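Residue-level structural notes
Now for the letters of each chain:
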Amino acid sequence: MAKVLVSDPIDQAGIDILSQVATVDIKIGLSSEELAQIIPEYDALMIRSGSRVTQEIIEAGTQLKIIGRAGVGVDNVDVNAATRKGIVVVNSPEGNTIAAAEHALAMMLALSRYIPDANASVKSGKWDRKSFIGAEVYKKTLGIVGLGKIGSHVATAAKAMGMKLLAYDPFISTERADQLGCRLVEMDVLLQESDYITLHIPKTPETTHLIDAAAIAKMKPNARIINCSRGGIIDETALYNALKEGRIAGAALDVYETEPLGDSPLKSLEKQVILTPHLGASTTEAQVNVAIDVAEQIRDVLLGLPARSAVNIPGLGPDILEELRPYMQLAETLGNLVGQLAGGRVEQLVVKLQGELATNKSQPIVVAALKGLLSQALRERVNYVNASIEAKERGIRVIETRDAGERDYAGSLHLEAKGSLGDHSVTGALLGDSEIRITDIDEFPVNVPPSQHMLFTLHRDMPGIIGKIGSLLGSFNVNIASMQVGRKIVRGDAVMVLSLDDPLPDGILDEITKVSGIRDAYTVTL
Ligand SMILES: NC(=O)C1=CN([C@@H]2O[C@H](COP(=O)(O)OP(=O)(O)OC[C@H]3O[C@@H](n4cnc5c(N)ncnc54)[C@H](O)[C@@H]3O)[C@@H](O)[C@H]2O)C=CC1
Ligand SMILES: O=C(O)C(=O)COP(=O)(O)O
């Protein structure tokens with residue numbers, strides 16, 4: 001039975017799903033060294049933001065097939081290292097959207113009305129009303145940095161509270177911002193005009209210290225900033241200095257450069273600062289959502305099924321996967337076939353999408369073709385996650401072309417491999433919804449289904465040659481399941497495609513190539 005390690009607190013609903021297919025060990029609070037030490041035993045790792053999955057841990061995870069992040073941010077996982085090792089990284093892109101958005105809104109209101117300090121004051125026996133005169137958010141300007149899932153929900157709620165909305169997000173269209181009632185502006189305008197600024201962006205090299213001393217200097221003196229996205233997007237030292245000197249009015253932080261937050265001077269500031277311990281996703285609802293979402297994906301991957309929210313298989317969402325799955329199977333089979341025909345080192349692969357396939361997303365098809373191409377060399381080490389990287393590292397140039405006009409089949413795929421031992425090409429199509437047909441080998445038309453053991457010959461089209469190959473195979477006790485010849489002209493060159501019931505015994509290929517009229521012969525295992 002597979003083994004899953006859960007190294008952060010996960011709702012029981014997720015554990016129950018994992019337990020259907022695996023032995024689940026829950027070990028919370030492990031150090032990186034401890035995690036690296038035990039990870040070789042596990043097929044899957046399920047985490048939240050508390051575990052840091054470094055390259056060392058990934059390298060040590062020799063059995064690891066999937067890392068599931070029960071939440072959104074995967075900045076605590078070395079995704080590149082996982083991709084190189086063919087480990088799928090999945091998350092729950094939407095499970096905690098509402099929780100995080102509501103936390104940001106709660107922070108904005110709590111900051112405006114000094115709720116944490118007012119609460120502490122009453123609980124300490126005081127009745128002090130004059131120290132807590134707050135500000136209204138109504139008619140104030142909210143600047144939203146990052147108008148993705150969480151930012152959009154914040155926008156909708158803030159709009160309902162009568163706020164004016166600005167947004168900065170270079171990857172969002174003006175139409176989308178308009179729909180949400182936001183004016184899309186440059187970052188400087190947002191900094192200068194906002195009374196409240198809320199951050200909802202991932203942590204990347206570009207967003208690290210996006211809010212630094214220079215950015216804070218552009219903010220209004222009454223500005224309040226809220227960060228429920230990622231620590232390190234705000235330079236905490238610059239923020240502390242600005243708050244201490246009263247250059248901005250307040251800050252509410254849920255995330256920090258280092259977590260747990262250690263000895264930070266921010267803790268010494270009073271009612272203008274609210275600090276929560278990374279609680280954005282901490283609602284019962286969100287925790288059930290993310291646990292189920294990610295546990296289901298881990299279960300599926302352990303059962304050999306695809307994951308619906310893999311962050312390192314780009315462009316492979318569930319709807320696309322559903323639609324393209326038969327074509328991906330075709331691409332993988334043809335990639336495997338052309339790789340074996342080419343034999344040696346492949347330097348270039350041309351992937352030509354024809355007919356209706358030409359209008360489809362090509363990336364999953366190309367990835368599947370590369371997976372097939374590399375499968376002889378890398379066996380189960382190659383998968384949809386690492387096929388592109390493995391191809392790149394082997395110096396295989398990939399060229400994609402499209403020909404929507406090709407009409408022999410509704411959609412077909414043509415692959416050409418340029419290799420150290422020669423060039424080969426194959427074409428294939430789908431019959432009905434998912435039956436694969438090889439329709440062309442090295443430009444010779446054929447119509448054969450792929451089978452596990454196949455023999456291909458290039459020969460001169462002349463009487464008696466088929467009989468000779470048949471007898472030769474018979475003398476080695478190899479049974480032919482089907483046979484087809486493809487030729488362009490009578491008595492010119494031709495290919496013979498044989499499906500065999502058994503693998504070809506050693507040495508027989510040499511005997512076949514010695515038959516007069518046979519120019520070349522290849523065995524293929526699919
Ligand atoms: N505090 C907490 O517990 C939680 C934090 N988060 C964090 O919140 C953040 C946002 O999450 P979602 O809205 O779900 O992500 P999302 O991917 O839906 O949205 C992120 C948005 O940021 C934009 N963006 C990327 N780079 C940018 C840049 N340089 N400048 C401006 N905009 C940029 C993107 O275009 C996108 O629209 C993530 O960092 C996530 O990890 C999410 C859930 C809970
Ligand atoms: O989903 C995210 O990105 C979060 O930051 C939530 O973190 P958590 O799962 O609560 O440790």
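Under an unreviewed UniProt entry, the protein has the name D-3-phosphoglycerate dehydrogenase and belongs to Chroogloeocystis siderophila 5.2 s.c.1. Recorded in UniProt for the protein, the comment headed Function (unreviewed entry) runs: "Catalyzes the reversible oxidation of 3-phospho-D-glycerate to 3-phosphonooxypyruvate, the first step of the phosphorylated L-serine biosynthesis pathway. Also catalyzes the reversible oxidation of 2-hydroxyglutarate to 2-oxoglutarate." Looking at the protein in UniProt, the text filed under Pathway (unreviewed entry) is "Amino-acid biosynthesis; L-serine biosynthesis; L-serine from 3-phospho-D-glycerate: step 1/3."

Looking at the environment of Leu-142
Within the secondary structure layout, Leu-142 lies in strand E6 (residues 141–145). For Leu-142, the contacting residues outside a window of four places in its chain are Met-108, Val-154, Ala-158, Met-163, Lys-164, Leu-165, Leu-166, Ser-194, Tyr-196, Ile-197 and Thr-198.

Focus on the sheet that holds strand E15 (residues 411–419)
The six strands are arranged E14-E13-E15-E16-E17-E18 in an open sheet whose pairing can be described as mixed. The open sheet has two edge strands, strand E14 (397–403) and strand E18 (444–448), and neither has a second partner. Shown here is a sheet whose adjacent strand axes are inclined to one another by a mean of 20°, direction ignored. Sheet strands in contact with helix H14 (residues 363–378) are strand E13 (346–355), E14 and E15, and its direction is about 140° off that of E13.

A look at the site of ligand 1
Lining the immediate environment of ligand 1, one finds 26 residues, of which Lys-149, Ile-150, Asp-169, Ile-201 and Asp-254 sit closest. Within the backbone of Ile-150, a nitrogen or oxygen atom sits 2.9 Å from an oxygen atom of ligand 1. When ligand 1 is considered free in solution it has 860 Å² of accessible area, and contact with the protein chains removes 87% of it. Along the lines of polarity and charge, the residues of the shell around ligand 1 split into 13 nonpolar, nine polar and four charged.

Structural notes on the pairing of E18
Here E18 shows a buried face lined by Phe-444, Val-446 and Val-448 and an unburied face lined by Pro-445 and Asn-447. For strand E17 (residues 435–441) and E18, the ladder comprises three bridges, and the chain directions are antiparallel. Across the sheet, the residue bridging to Asp-440 is Pro-445, located in E18. Hairpin connection from E17 to E18: two residues lie between these consecutive antiparallel strands, with Asp-442 at a positive phi of about 45°.

Describing the UniProt feature "domain: ACT" (unreviewed entry) in the protein
When the UniProt feature table is mapped onto this chain, "domain: ACT" (unreviewed entry) is found at residues 454–526. Split by type, residues 454–526 is 25% helix and 42% strand. Its first and last C-alpha atoms lie 8 Å apart.

Observations concerning the environment of Met-454
Relative to the helices and strands, Met-454 is located in strand E19 (residues 453–460). Residue class for Met-454 comes out buried when judged on its relative accessible area of 2%. Distance in space between the C-alpha atoms of Met-454 and Glu-380 is 21 Å, their sequence separation being 74 residues. In this view, Met-454 contacts Ile-438, Pro-449, Val-497, Leu-498, Ser-499, Tyr-522, Thr-523, Val-524 and Leu-526; residues no more than four positions away in its chain are not counted.

Quick notes on the site of ligand 2
For ligand 2, the full set of nearby residues is Arg-48, Ser-49, Arg-69, Ala-70, Gly-71, Val-72, Gly-73, Asn-96, Arg-230, His-278 and Ala-281. Between ligand 2 and the protein, one listed contact pairs an oxygen atom with a backbone N or O atom of Gly-73 at 2.8 Å. Taking Arg-230, its side chain carries an N or O atom lying 2.7 Å from an oxygen atom of ligand 2. Contact with the protein chains removes 91% of the 320 Å² of surface that ligand 2 exposes when unbound. The residue inventory of the shell around ligand 2, partitioned by class, reads three nonpolar, five polar and three charged.

A closer look at unusual backbone geometry
Cis rather than trans, the peptide bond between Glu-259 and Pro-260 has omega equal to -5°. Inspection of the secondary structure puts Pro-260 in the loop between strand E11 (250–253) and strand E12 (273–275). If you check the backbone angles, Tyr-114 has positive phi at about 50° while not being a glycine. Here Tyr-114 lies in the loop between helix H5 (97–113) and helix H6 (115–123). Unlike most non-glycine residues, Asn-477 shows phi in positive territory, near 60°. Tracing the chain through its elements places Asn-477 in the loop between helix H16 (465–475) and strand E20 (480–487). According to the relative accessible area criterion, Asn-477 is exposed, its value standing at 67%.

A closer look at the sheet that holds strand E21 (residues 493–500)
The four strands lie next to each other as E20-E21-E19-E22, forming an open sheet whose pairing is antiparallel. Looking along the sheet, the strands with just one partner apiece sit at the ends: E20 and strand E22 (518–525). Averaged over all pairs of adjacent strands, the angle between strand axes in this sheet comes to 15°, irrespective of strand direction. Relative to E21, E19 runs antiparallel, the two sharing eight bridges. When the sheet's bridge partners are listed, Met-454 is paired in E21 with Ser-499.

What counts as what
- Residues numbered from 1 in each chain as written.
- Chains lettered and ligands numbered in written order.
- Predicted model: local features only at pLDDT ≥ 70, side-chain atom pairs only at ≥ 80, totals over all residues.
- Heavy atoms only, no water.
- UniProt positions renumbered as here; feature names shortened; annotations may be inferred.
- Helix = DSSP H or I, 4+ residues; strand = E, 2+ residues; numbered from the N terminus.
- Contact = heavy atoms within 4.5 Å.
- Pairing = 2+ DSSP bridges.
- Axes fitted to C-alpha atoms, helices over the stretch in contact; angles between N-to-C directions.
- Near = heavy atom within 4 Å.
- Polar contact = N/O pair within 3.5 Å; in protein donor to acceptor, adjacent residues only side chain to side chain.
- Areas by Shrake-Rupley, 256 points an atom, 1.4 Å probe, with all protein chains shown as cover.
- Nonpolar A, V, L, I, M, F, W, Y, C, P; charged D, E, K, R; others polar.
- Buried < 20%, exposed > 50% of the residue type's maximum accessible area, 1.4 Å probe, protein only.

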